[in-house]
Amino acid sequence: MTGVVAAVTARAAQRAKELGAEQALEALRQELELVPRLGVLLGPFRQDGLEVRKTRIEPAGDVPGLAVAYVYTPAPPPPTVAITSVTPDDGVPE
């Protein structure tokens, strides 16, 4: 899928900075522009197409494993992704 606009909320960006995960979060943001439905869907199907999803950033170097929540909205065009939450992952598989 192309044409998706992905952004990180100020709160998620601040949390990523605190965790030393700014580069990892930016890489995920870019990936979500190409594949906006990564990870697992949270909650029921909605008629308007809005999806709340969760994915994971794998641990690397000094960066811990992270759980990342985001919202995907297909309409109105262009489709958008907003990364809303970044938290240390507890290691439970998706």
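Structure's up top.
Residues numbered from 1 in each chain as written. Predicted model: local features only at pLDDT ≥ 70, side-chain atom pairs only at ≥ 80, totals over all residues. Heavy atoms only, no water.

> Help me understand the overall build of the protein chain, please; the structure alone is not making it clear to me.
Secondary structure summary: the protein chain contains two helices and five strands in total. Ordered by position from the N terminus, the helices and strands of the protein chain form the series β-α-α-β-β-β-β. Expressed as a percentage of the 94 residues in the protein chain, the buried residues total 31%. Counted over contacts in the protein chain with a minimum sequence separation of 6, partners at least 24 positions apart contribute 44%. Accessible area for the protein chain stands at about 5600 Å²; split by element, carbon and sulfur atoms hold 57% of it. Of note, the protein chain has its 9 positive side-chain charges centred 5 Å away from the centre of its 12 negative side-chain charges. (Helix = DSSP H or I, 4+ residues; strand = E, 2+ residues; numbered from the N terminus. Buried < 20%, exposed > 50% of the residue type's maximum accessible area, 1.4 Å probe, protein only. Contact = heavy atoms within 4.5 Å. Areas by Shrake-Rupley, 256 points an atom, 1.4 Å probe, with all protein chains shown as cover. Lys, Arg positive; Asp, Glu negative; His and termini not counted. Charge placed at Lys NZ, Arg CZ, Asp CG, Glu CD.)

> Would you explain the sheet that holds strand E1 (residues 5-8) in this entry?
Two pairing modes exist for strands in a sheet, parallel and antiparallel, and in both the strands are linked by backbone hydrogen bonds. Read across the open sheet, the five strands follow the order E1-E5-E4-E3-E2; overall the sheet is mixed. Either end of the sheet is taken by a strand with one partner, and the two such strands are E1 and strand E2 (40-42). The mean inter-strand angle of the sheet, taken between neighbouring strand axes irrespective of direction, is 30 degrees. Across eight bridges, the pairing between strand E4 (residues 66-73) and strand E5 (residues 80-88) is antiparallel. When the bridges of E5 are listed, Leu66 appears paired with Pro88. Contacting E1 and E5, helix H1 (residues 10-18) runs over the sheet at an angle of about 35 degrees to E5. On top of the sheet, helix H2 (residues 22-34) reaches E1, strand E3 (51-57), E4 and E5; it is set at about 155 degrees to E1, its chief contact. (Pairing = 2+ DSSP bridges. Axes fitted to C-alpha atoms, helices over the stretch in contact; angles between N-to-C directions.)

> Please explain unusual backbone geometry as it appears in this structure.
Working note: non-glycine residues mostly have negative phi, and peptide bonds are mostly trans. A cis geometry characterises the amide bond from Ala75 onward to Pro76, with omega recorded as 0 degrees. Assignment of secondary structure puts Pro76 in the loop between E4 and E5.

> Quick question: what am I supposed to make of the nonpolar core here?
Most often, soluble globular proteins keep nonpolar side chains buried together rather than apart. Ranked by size, the top nonpolar core spans 19 residues in total, and within it Leu25, Leu32, Ile83 and Val86 carry the most contacts. Those elements that provide at least two residues to this core are H1, H2, E4 and E5. Top contributing element to this core by residue count: E4, with four residues. Apart from the residues lying within four places of it in its own chain, the contact partners of Val86 are Ala12, Arg15, Leu19, Leu25, Leu66, Ala67 and Val68. (Core = buried A, V, L, I, M, F, W, Y, C linked by side-chain atoms within 4.5 Å.)

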